[in-house]
Amino acid sequence: MTSKKYILGVFDDEDVLLNAIEKTRAAGTKIYDVFSPYPIHGIDDVLGIQRSRLPIVAFFCGLCGTSFALWMQIWMLGFDWPMIIGGKPHVALPAFIPVTFELTVLCAAFGMVITFFVISGLRPTLKVPVMDLRSTDDKYVMAIELKEGIDIQKLNDLLRSNGAIEVNEKEVVK
Amino acid sequence: MQHVSPIREPLVTGGKTYADITEDVCRQVEAKPNVRWMIAMGVSLVFLGIFLYSVYRTLWFGIGEWGLNKTVGWAWDITNFVWWVGIGHAGTLISAILLLFRQKWRTSINRAAEAMTIFAVICAAMFPVLHMGRPWLAYWVLPLPNTFGSLWVNFNSPLLWDVFAISTYFSVSLVFWYIGLIPDFATIRDRATGPIARRAYALLSMNWTGSAKHWSRYETVSLILAGLATPLVLSVHTIVSMDFATSVIPGWHTTIFPPYFVAGAIFSGFAMVLTLMIITRKVFKLEDYITLEHVESMNKVITLTGSIVGVAYITEFFIAWYSGVEYEQYAFINRATGPYWWAYWSMMTCNVITPQLFWFRGIRRSLTATFIISIFVNIGMWFERFVIIVTSLHRDFLPSSWVMFSPTAIDVGVYVGTMGLFFTLFLLFAKFFPVVNMAEVKSILKSSSGISHTTHPGASMHGTAPNNSHKHD
């Protein structure tokens, strides 16, 4: 059982929060994470979050879907059990486009969503994982991991002077 | 920071705060079901019972329970299938296409519209499966090895394309809907007081914390899913229309079908969204989120798509004459003046004339008028599919096989029964799930609520950073 301590700065305005993030980072404090009830535009830049590469995952999953669909239809109707249907060639590519398109979309969507769940640790669980219950309602919470050598009083002052309405301490048992 | 537009109306009225949004949306999830909900559920369950009985009759005695005959082999079942699928398309249009177009008014209606999509597709799927007669062999439509009893499936057939299109559409819509629900489930989980509710919503919310990193990925995923769902929804109704258009039946064999069907689908879907939303906003007191502005925007989409459908009807008629093919010409003359003239003219009245009333601002913004017209459109679009399917079939090339189609009680039972299925699912959704996407409405609140939020003393002391301002507009 390891436990970690976090200092939570609670904010109630997204613009104050963005400003506080910049000030906190400028003061050399590392922010563990920021929790908000909705996506805040511009937070990626101030927190230094890289653009997600999930679209690339979607593209390659889609490509797999395309290849699989084409292979399946060409092999089944063209080679494994060729039949003459409406006097058309066995491998009637134009007629294979709809199924190919659908499987491309299916694989791209599911590949991307499953990757998103796995890398973000999203899975059904019984525990309530949030640090402050209000962060899914109307408050924004900035969490800073309490490590050796961090002056709590100074951090408190920094957060409060940048608009935090509350500063709390939270112990998370892993 | 607060931007009040002189032209645009606010999307959320009533001076709501973030906490108010949570409160207003979670209220009916947390409260005991009210009497109106119980009555509605009771009625829906009666219709669900009718559905189950009709399905039992259909499966036990066979397709002979329906009014189909040798000439008219497709009638109410396919009409209902296309009608339900079409209704579903509005949900995807609102959640995906309007997201790509950055239409922010979609945020308060997209959740319920997507739910409608999913339930409508479930209802739609009932018809082709029941029409198989032996639904326990439904897996034969999948590309399985021919040792299962059939050969490989025929990838040249639009009916098989339908299998892939509808199942992909259903799965992708479900995933899109669920991704949107996760943050809202987390909100309900964090407010829940009862042990069952907390555990149930904890499971549903998938460990969601609202971390900035997760939100960043979440937004990327939503955008890409919207980008995938947009061509998907167009492909689905295109393929549905190809069930008809690739045949050589006069009245079906036309290249105008794909765009015409897609416009019709969006048209009927928006009508259904309006029917549902006008009731939902009233029952759940969501008038501040689903405003007259929303109703008006949807009515504009109805006018546009209704006009496209109207042009398509006239084009079809013109092309039938211009083609010089007498069978094609007869099919259309028969539609308008033959024994099913009443169905044709119901379709024309409901789909072409009624939506044109929305050119008047007063009608566009009247809830009563909108509700009535939305019902008219639903009826008209049902007749459209009935007209296309039955009038094209009932008088084929050989006059000796000309017949009329009349539905049996079981036909009617399956159809009204799917409405029971639909409303049962929708009422369960409305009770246990957040009907408005809280996270998305919160994200647009600041730019479109039309009122200034009071900020705490700390904020006024430090103000909002001017260097951030460009990121929020």
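Our structure is the block above this text.
Residues numbered from 1 in each chain as written. Chains lettered and ligands numbered in written order. Predicted model: local features only at pLDDT ≥ 70, side-chain atom pairs only at ≥ 80, totals over all residues. Heavy atoms only, no water.

**Considerations on unusual backbone geometry**
All names here are of chain B. One non-glycine residue, Arg102, adopts positive backbone phi at about 55 degrees. Topologically, Arg102 is positioned in the loop between helix 3 (76–100) and helix 4 (110–131). Relative accessible area serves as the criterion here: at 57%, Arg102 is assigned to the exposed category. With phi around 55 degrees, Met206 is a residue other than glycine that occupies positive phi space. Residue position: Met206 is located in the loop between helix 6 (195–204) and helix 7 (212–245). (Helix = DSSP H or I, 4+ residues; strand = E, 2+ residues; numbered from the N terminus. Buried < 20%, exposed > 50% of the residue type's maximum accessible area, 1.4 Å probe, protein only.)

**Considering the nonpolar core**
Across soluble globular proteins, nonpolar side chains show a tendency to be buried alongside one another. In this structure, Ile43 of chain A together with Trp84, Phe155, Phe270 and Phe429 of chain B are the most contacted members of the largest nonpolar core, which totals 184 residues. Among the elements that line this core, the one with the most residues is helix 5 (residues 158–191) of chain B, at 16 residues. Two domains each provide a minimum of three residues to this core, namely domain 1 (3–51 + 134–173) and domain 2 (54–119) of chain A. Ignoring anything within four residues of it in the chain, the contact list for Phe270 of chain B reads Ala90, Leu93, Ile94, Trp105, Met298, Val301 and Ile302 of chain B. Among the nonpolar cores identified, the runner-up in size contains seven residues, and Tyr6, Val10, Phe35 and Val141 of chain A belong to it. (Core = buried A, V, L, I, M, F, W, Y, C linked by side-chain atoms within 4.5 Å. Domains from an automatic or database assignment. Contact = heavy atoms within 4.5 Å.)

**A closer look at the packing of aromatic side chains**
The full count for this structure, using the stated rule, is 55 aromatic pairs over all chains. Geometrically, the ring pair formed by Tyr38 of chain A and Tyr140 of chain A is edge-to-face, given 5.9 Å between the ring centres and 85 degrees between the ring planes. Placement of the pair is Tyr38 of chain A in the loop between strand 2 (33–35) and helix 2 (43–47) and Tyr140 of chain A in strand 3 (residues 140–145), with a sequence separation of 102 residues. A centroid spacing of 5.0 Å and a plane angle of 70 degrees characterise the contact between Trp83 of chain B and Trp84 of chain B, whose relative ring orientation is edge-to-face. On the basis of relative accessibility, which here comes to 3%, the residue Trp83 of chain B falls in the buried class. Owing to a relative accessible area of 0%, Trp84 of chain B belongs among the buried residues under this scheme. (Phe/Tyr/Trp six-rings, centres within 6.5 Å; stacked < 30°, edge-to-face > 60°.)

**A look at a nonpolar patch on the surface**
On the surface, a nonpolar cluster with roughly 620 Å² of combined accessible area is contributed by Phe68, Trp71, Trp75, Phe79, Val91 and Leu93 of chain A. With four residues, the top contributor of residues to the nonpolar patch is helix 3 (residues 54–80) of chain A. (Patch = residues over 30% accessible without salt bridge, like charges linked within 9 Å, V, L, I, M, F, W, Y side chains within 5 Å. Areas by Shrake-Rupley, 256 points an atom, 1.4 Å probe, with all protein chains shown as cover. Salt bridge = Lys/Arg side-chain N within 4 Å of Asp/Glu carboxyl O.)

**Remarks on the interface of chain B and chain A**
How big an interface is tends to be stated in terms of the accessible area lost upon association of its parts. Contacts between the two partners involve 66 residues from chain B and, on the opposite side, 76 residues from chain A. Surface buried jointly by chain B and chain A totals about 6600 Å² across both partners, of which 68% is contributed by carbon and sulfur atoms. Sorting the residues of chain B by area buried against chain A places Trp152, Phe155 and Asn207 of chain B first, and these three jointly supply 11% of that buried surface. The interface formed by chain B and chain A holds zero salt bridges in total. Listing elements by their share of the side of chain B that touches chain A, those giving two or more residues are helix 1 (18–30), helix 5, helix 6, helix 7, helix 15 (438–448) and helix 16 (457–462) of chain B. Grouping the amino acids of the side of chain B that touches chain A by side-chain chemistry returns 33 nonpolar, 23 polar and ten charged. (Buried area = accessible area lost by both parts, 1.4 Å probe. Nonpolar A, V, L, I, M, F, W, Y, C, P; charged D, E, K, R; others polar.)

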